[in-house]
Amino acid sequence: MAEVKLHGRWYSPFLYRVIWALKLKGISYEYIEEDLSNKSPLLLQYNPVHKKIPVLVHSGKPICESMIIIEYIEEKWPQTPLLPSDPYERAKARFWVKFVEEKAPAFWSLYRSTGEEQKKALKDSSETLKIVEEQGLGEKKFFGGDSIGIVDIAFGAIAHWFGVFEEIVEVKVLEAHAFPRLHAWKVNFEEVPVIKENLPDRDKMLDYFKKRRIESLSASQ
Amino acid sequence: MEEVKLIGFWPSFFGYRVIWAFKLKGVKYEHIEEDLSNKSDMLLLYNPIHKKVPVLVHGGKPIAESPVILEYIEETWPHNPLLPKDPYERALAQFWIKFEADKNPIFAAFFRSTKEELDDQNAIKEIPEYLKILEEQALGDKKFFGGDNIGLVDITFGWLCHWFKGMEEMRGVKLVEPSTVPRLHAWAENFKQLPIIKENLTDYTQLLAHGKSFREKLSASDLPSN
């Protein structure tokens, strides 16, 4: 079998999206930790345009951008499909992946900012959650239906990291009383064995992101 | 056969991506013109989340967002393929399609910028680098992004050959030039000369007039298309 390598950074939600896809499909891979403060020549060679992780390298050929990597994985390893087979349902799934990607900055902004900017991030992320809950999830258990699919993976990463950010900035947004179905979805998603067994250590994450927030806020004074 | 409708707004290049894909695949469709200054109930029904065009309605089922629509078209009408067969090559094509979508705000900002911002070079500073990346990494020595024939990546960047020219003319700057990006400049010329593209472009004079009036009315609202 041709070799699969995954370059990542332990605290990245984008990395975890790819890990979940690989694990769900039972694909073996070698993980390579990248130091983003001192980018390796290999990373710069594999991702010259964005210089970011994750990068999947399959038989020496690099693929960048987490959701594009997942679509590639889906095509090469069709077992445990993450996309529906019907073209219209696939289009709907891709619509939601795109939506979630476009709205993700607000979730990061809640964590990164203070004052007015943070208030705006709070408003934007709440609005996004409402749309996702009502129009994306609806009455389904998962975005993928009875089992998780590409939209669950895309949004699941954002939602999990958002939970860590909520704890750090002491603002709760994704709460059961405000977003009952989405909250239930998050609980169910994080109970799926492949997800539960493949999450970064929470204490380590809290510690890392807390430190990073302090550093970046003081740097911008 | 199920009916195909395309809801669009005549100046919008996003809609033209879909038109070109349909023309290349010989798919018959009904064009429905939407007035974005007075959005129809139909648009709000079919695209409640973004309220934008283009929207494809196939057999009554709506799909929004031009990259999503293009992939749907490719899967539903697979003849005259616009994406490579090889999964790795497809991933590369998707990378550039995403790159275009992610960087689109740079051009929206350029289009909306004030004269001071333009004079200060702030409004355009990211564009030369973007064009260089396209030329060197995406296009390389190929005639088209898709190789010998055009594909979805060419269609996605197609606005550079016509709509961007309009923007350049309106703002009085030249950015896609043979002196700075010769291969990209040649690509734009070749793309525009293809019969299907040439016969399916917005009237340039009307586009300029619309652009000028749009800039005059600029407010906090978003650009009309996605």
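Residues numbered from 1 in each chain as written. Chains lettered and ligands numbered in written order. Predicted model: local features only at pLDDT ≥ 70, side-chain atom pairs only at ≥ 80, totals over all residues. Heavy atoms only, no water.

Draft legend 1. Just the overall build of chain A, in detail. For chain A, the helix and strand inventory stands at nine helices and four strands. Ordering the α and β elements of chain A from the N terminus gives β-α-β-α-β-β-α-α-α-α-α-α-α. Taken over C-alpha atoms, the radius of gyration comes to 17 Å for chain A, in line with the 17 Å a tight globule of 221 residues would show. If you line up chain A on its principal axes, its C-alpha atoms span 50 × 45 × 30 Å. Among the 221 residues that make up chain A, the fraction classed as buried is 54%. Taking the intrachain contacts of chain A between residues at least 6 apart in sequence as the baseline, contacts between residues at least 24 apart amount to 69%. Surface summary for chain A: the accessible area is close to 10,400 Å², and the carbon and sulfur share equals 51%. If you average the places of the 32 positive and of the 33 negative side-chain charges in chain A, the two averages end up 3 Å apart. (Helix = DSSP H or I, 4+ residues; strand = E, 2+ residues; numbered from the N terminus. Rg over C-alpha atoms; globule rule 2.2 N^0.38 Å. Buried < 20%, exposed > 50% of the residue type's maximum accessible area, 1.4 Å probe, protein only. Contact = heavy atoms within 4.5 Å. Areas by Shrake-Rupley, 256 points an atom, 1.4 Å probe, with all protein chains shown as cover. Lys, Arg positive; Asp, Glu negative; His and termini not counted. Charge placed at Lys NZ, Arg CZ, Asp CG, Glu CD.)

Draft legend 2. Structural detail: the side chain of A:Ser109. Take A:Ser109: it is sitting in helix 4 (residues 87-112). With residues near it in sequence (within four places) discarded, A:Ser109 still touches A:Glu117 and A:Ala121.

Draft legend 3. Quick peek at the packing of helix 3 (residues 66-76) of chain A against helix 4 (residues 87-112) of chain B. The geometry of helix 3 of chain A relative to helix 4 of chain B is characterised by a closest axis approach of 10 Å and an angle of 160 degrees between their N-to-C directions. Here helix 3 of chain A lies roughly antiparallel to helix 4 of chain B, going by the angle between them. Judged by the twist between their axes, the crossing of helix 3 of chain A over helix 4 of chain B is right-handed. When helix 3 of chain A is examined against helix 4 of chain B, the residues A:Ile68, A:Tyr72, A:Glu75 and A:Lys76 are found in contact with a partner set consisting of B:Pro87, B:Tyr88, B:Arg90, B:Ala91, B:Gln94, B:Phe95 and B:Lys98. (Axes fitted to C-alpha atoms, helices over the stretch in contact; angles between N-to-C directions. Parallel < 35°, antiparallel > 145°, perpendicular 65-115°, else oblique. Left-handed = near helix turned anticlockwise from the far one by under 90°.)

Draft legend 4. Summary view of the nonpolar core. Ranked by internal contacts, the top residues of the largest apolar core, which has 146 residues, are A:Phe155, A:Leu182, B:Trp96, B:Leu134, B:Phe157, B:Phe164 and B:Trp187. Top contributing element to this core by residue count: helix 6 (residues 150-169) of chain A, with 14 residues. The residues touching B:Trp187, leaving out its near neighbours within four places in the chain, are B:Leu139, B:Lys143, B:Phe144, B:Phe145, B:Asp154, B:Phe157, B:Gly158 and B:Leu160. (Core = buried A, V, L, I, M, F, W, Y, C linked by side-chain atoms within 4.5 Å.)

Draft legend 5. Region of interest: the sheet that holds strand 1 (residues 4-8) of chain B. Residue and element names in this part refer to chain B. Taken together, four strands build an open sheet; the order of strands is 2-1-3-4 and the sheet is mixed. Strands with a single pairing partner mark the edges of an open sheet, and in this sheet they are strand 2 (30-33) and strand 4 (61-64). Within this sheet the neighbouring strands show an average axis-to-axis angle of 25 degrees, counted without direction. In the sheet, strand 1 pairs with strand 3 (residues 55-58) via four bridges, with the strands oriented antiparallel. Residue pairing for strand 3: Leu6 is matched across the bridge by Leu56. Docked against the sheet, helix 1 (residues 13-25) engages strand 1, strand 2 and strand 3, running at close to 150 degrees with respect to strand 1. (Pairing = 2+ DSSP bridges.)

Draft legend 6. Quick look at the interface of chain B and chain A. On the chain A side, the residues contacting the 26 residues of chain B number 26 residues. In this assembly, chain B packs against chain A so that about 2,400 Å² is buried in total across both faces, 69% of it on carbon and sulfur atoms. Broken down residue by residue, the surface that chain B buries against chain A is led by B:Ile49, B:Tyr88 and B:Phe95, which jointly contribute 26%. At the junction of chain B and chain A, the tally comes to six salt bridges. Across the pair A:Glu65 and B:Lys98 runs a salt bridge, and its minimum N-O distance is 2.8 Å. Inspection of the region where chain B meets chain A yields eight residue pairs in polar contact (both at pLDDT 80 or more). (Buried area = accessible area lost by both parts, 1.4 Å probe. Salt bridge = Lys/Arg side-chain N within 4 Å of Asp/Glu carboxyl O. Polar contact = N/O pair within 3.5 Å; in protein donor to acceptor, adjacent residues only side chain to side chain.)

Draft legend 7. Summary view of the environment of A:Tyr208. Residue and element names in this part refer to chain A. For Tyr208, the position within the fold is in helix 9 (residues 202-219). Once the C-alpha coordinates of Tyr208 and Tyr11 are considered, the two residues, 197 residues apart in sequence, prove to be 8.3 Å apart. Only 3.2 Å separates the side chain of Tyr208 from the side chain of Tyr11, close enough to count as a polar contact.

Draft legend 8. The arrangement of the pattern of salt bridges in detail. In this structure the tally under the stated criterion is 32 salt bridges over all chains. Across the salt bridge formed by A:Glu134 and A:Lys130, the nearest N and O atoms sit 3.1 Å from each other. With A:Glu134 and A:Lys130 both in helix 5 (residues 115-137) and four residues apart, the pair spans about one turn of that helix. On the accessibility criterion, A:Lys130 (44% relative accessible area) is partly exposed. One salt-bridge network, held together by shared partners, links A:Glu71, A:Arg90, A:Arg94, B:Glu71 and B:Glu75.

Draft legend 9. Fine view of the sheet that holds strand 2 (residues 30-33) of chain A. Residue and element names in this part refer to chain A. Here we have four strands laid out as an open sheet, ordered 2-1-3-4, and mixed in their pairing. Sheet topology places strand 2 and strand 4 (61-64) at the edges, where each strand pairs with a single neighbour. Across this sheet, the average inter-strand angle for adjacent strands is 25 degrees, counted without regard to direction. Of the pairings in the sheet, the one linking strand 1 (residues 4-8) to strand 3 (residues 55-58) comprises four bridges and is antiparallel in character. Paired with Val4 across the bridge in strand 3 is His58. In the packing of helix 1 (residues 13-24) onto the sheet, contacts are made with strand 1, strand 2 and strand 3, and the angle to strand 1 comes to roughly 155 degrees.

Draft legend 10. Main features of the environment of B:Glu30. All names here are of chain B. Relative to the helices and strands, Glu30 resides in strand 2. Sequence spacing of Glu30 and Glu3 is 27 residues, and the spatial spacing of their C-alpha atoms is 8.1 Å. Apart from residues lying up to four places away in sequence, Glu30 is in contact with Val4, Lys5 and Leu6.

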